[in-house]
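The chain contents come next:
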Amino acid sequence: MRSEKPRGEAFAADSLAMGMAILLAMTIVQRGIGFLRGVWFCRLLDDHVVGQWAMAFGCITMMAPLMMLGLSGAMPRYVERYRQSGHLTGFLTRVMLGSLFGIGLVLAVMVVAPNWVALIIFREPSSGGLIAAVGGSAVALVAFNFVNELVASLRQVRVVSLMQFLQSVGFTVLGIAWLIIGGGLVGLLNAFSLATVLAMMPAIWVLRRDWSRLPSAGTALDAKVLWRSLLPYAAALWVMNFLTNSFELSDRYMILHYTPGGDVAAQTAVGQYHTGRMIPVLLTSLAAMFAGILMPYLAADWESGRRVEVQSRLRTVLLGLTVVFTLTAAMALLLAPWLFAGLLDGRYSAGESIMPAAFTISIWASTVTVAQVYLWLSERGKLCGIGLVLGLLANVVLNVWWLPVWGLPGAVAATLVANAVVLIGLLFALAITGYPLDGSIFWLCLLPLSLLAGPWAAIGLTLSLCLVRREIHDLLWRLVSTRLERLRRLAVEWAGRGRVLE
């Protein structure tokens, strides 16, 4: 009789260090491809169509988490708990059913009132085909996010990175090819949907391969206990997603609806704003990916009672993020004149002028995205809403006041002030939940403002701060020394393997 080989553990988790390394490497390539895609879109589309694309894509990314009612976003927090108890299948079944209900509600609104939806997104009535393409893209993104959250919760970092990479490359190839042959906005949205669906295939293969090896409980899942813990968390997350996405989209919405001069002028202003954010938004998306990968690892430490380790890890990530992002932004500002004059044919001078403020906004938003992981771990995520509500109100009021007077610079200034309000609200929420705040956190929050004085001032201040402030210097030294020690151990391990092979 043939003996079977022992089967390994289902979904063996990647380590946090390896996960971050893989994520960083894949993200650099992926974001580089995404940046080139954005440049080509801006070159191949008219200015006002760039604005339409920016609004459509912003609404798609806003609708997707709202359609899921916050349920899939709760997976990084609860998957490990139900995996260990053997009830993961029952947990995911209930999450999927709840998400389908939310998808149906949003699609019903788009079917019943397409012109109303078009007026909100584009400031003008649109064809049914365009609204259908927006809805289809949102559904594709919902499916992608669900699978992505699941494999990320199972700490399959390599699969997550591959999914993100394939989605970016696929959309780049399909989108640029479509525009080169003369296609329009509807086809571009359909290309996004197709690339998003195809990018799920690696995760689906891994899930099918390992699902049967998951531990199974001998008792039935207590649905009442599940919903008592899941619903408050998911509801808070849904509200936070709504506030976060509304806040993130509010600047473009205000530019579209309060810029004088008609529909085309308003859409063109959104297009200029989109180009000015093209590089800064890469930092924000990178921070969101870091936060998504970080959550399951910190959740494992949290469930094991290692709260001090959670605080230390999060502090190290925030430190590295702020310093690296500020230096990266400064280097990008040095290259901006060549980018806008050469690659973009000098068509987006207004976008170039807002880049320093856009980088400051993006770094603050990145800090908020990563730091609020601690609030979700402590199940106090609703406290994030304090700053978001105040920031959203500030953004709307200041845009109504400043945008008609100063135009696009007024909208950027309003968004900058609003993001400062959100950041202050987050620090307040961290303080009341017991996270230890010290001088290094406050200095790092102020550091991105140096970009407004120019790239060289930002570089000089960042390096000086790292040398002068002892708490920052010590944290950086521990971070670097830890990484060097890991590299040394890896080198010794590989050298030992080489001698064995000889």
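Residues numbered from 1 in each chain as written. Predicted model: local features only at pLDDT ≥ 70, side-chain atom pairs only at ≥ 80, totals over all residues. Heavy atoms only, no water.

Points about helix α4 (residues 88-112)
In this model, α4 (25 residues) spans 37 Å end to end at C-alpha, consistent with the 36 Å of a helix rising 1.5 Å per residue. Listed as buried for α4 are Leu88, Gly90, Phe91, Leu92, Val95, Gly98, Ser99, Gly102, Ile103 and Met110. (Helix = DSSP H or I, 4+ residues; strand = E, 2+ residues; numbered from the N terminus. Expected span 1.5 Å × (residues − 1). Buried < 20%, exposed > 50% of the residue type's maximum accessible area, 1.4 Å probe, protein only.)

Quick word on the layout of surface pockets
Here the second largest pocket defines a volume of roughly 590 Å³. Lining the second largest pocket we find 21 residues, and of these Cys59, Met62, Met63, Leu66 and Ile120 sit closest to its centre. At the level of elements, α2 (47-67), α4, α5 (114-122), α10 (223-258) and α16 (384-406) are the ones that each hand at least two residues to the lining of the second largest pocket. Looking at the lining of the second largest pocket element by element, the count peaks at 6 residues for α10. Of the residues that constitute the lining of the second largest pocket, the class distribution is 19 nonpolar, 2 polar and no charged. (1 Å grid on protein atoms, 1.4 Å probe; cavity = no way out; pocket = protein on both sides within 12 Å on 5 of 7 lines; lining within 4 Å. Points joined across faces, edges and corners; volume = space filled by probe spheres on them. Nonpolar A, V, L, I, M, F, W, Y, C, P; charged D, E, K, R; others polar.)

Concerning the packing of aromatic side chains
For the structure on display, the rule yields 11 aromatic pairs. Taking the centre distance of 5.4 Å and the plane angle of 85° together, the rings of phenylalanine 171 and phenylalanine 192 count as edge-to-face. Here phenylalanine 192 lies in helix α8 (residues 185-198) and phenylalanine 171 lies in helix α7 (residues 157-180), a separation of 21 residues in the sequence. Phenylalanine 171 sits in the buried class, given a relative accessible area of 2%. Three or more aromatic residues joined by ring pairs form one cluster here, namely Phe41, Trp53, Phe57, Phe171 and Phe192. In this structure, arginine 43 is placed above the aromatic ring of tryptophan 40, and the distance from its NZ or CZ to the ring centre is 5.8 Å. When the ring centre of tryptophan 302 is taken as origin, the NZ or CZ atom of arginine 307, which lies over that ring, is 4.0 Å away. (Phe/Tyr/Trp six-rings, centres within 6.5 Å; stacked < 30°, edge-to-face > 60°. Lys NZ or Arg CZ within 6 Å of the ring centre and 35° of its normal.)

A few points about helix α18 (residues 439-446)
Three- or four-residue spacings in an α-helix give side chains the same orientation, since the helix completes a turn every 3.6 residues. Every buried residue belonging to α18 is among Ser440, Ile441, Leu444 and Cys445, and all of these are buried. Seen from one end, α18 has its buried residues packed into an arc of 135°, which puts them on one side. (Arc of directions from axis to C-beta.)

Some points on empty space enclosed by the protein
One pass over the full model with this rule turns up 2 cavities of 30 Å³ or more. Of the volumes computed, that of the second largest cavity is approximately 90 Å³. Considering the residues around the second largest cavity, the lining is formed by Leu318, Thr322, Thr367, Ala371, Leu426, Leu427, Leu430, Tyr435, Leu437, Ile441, Leu444 and Cys445. Elements represented by at least two residues in the lining of the second largest cavity include exactly α13 (307-343), α15 (355-377), α17 (408-432) and α18.

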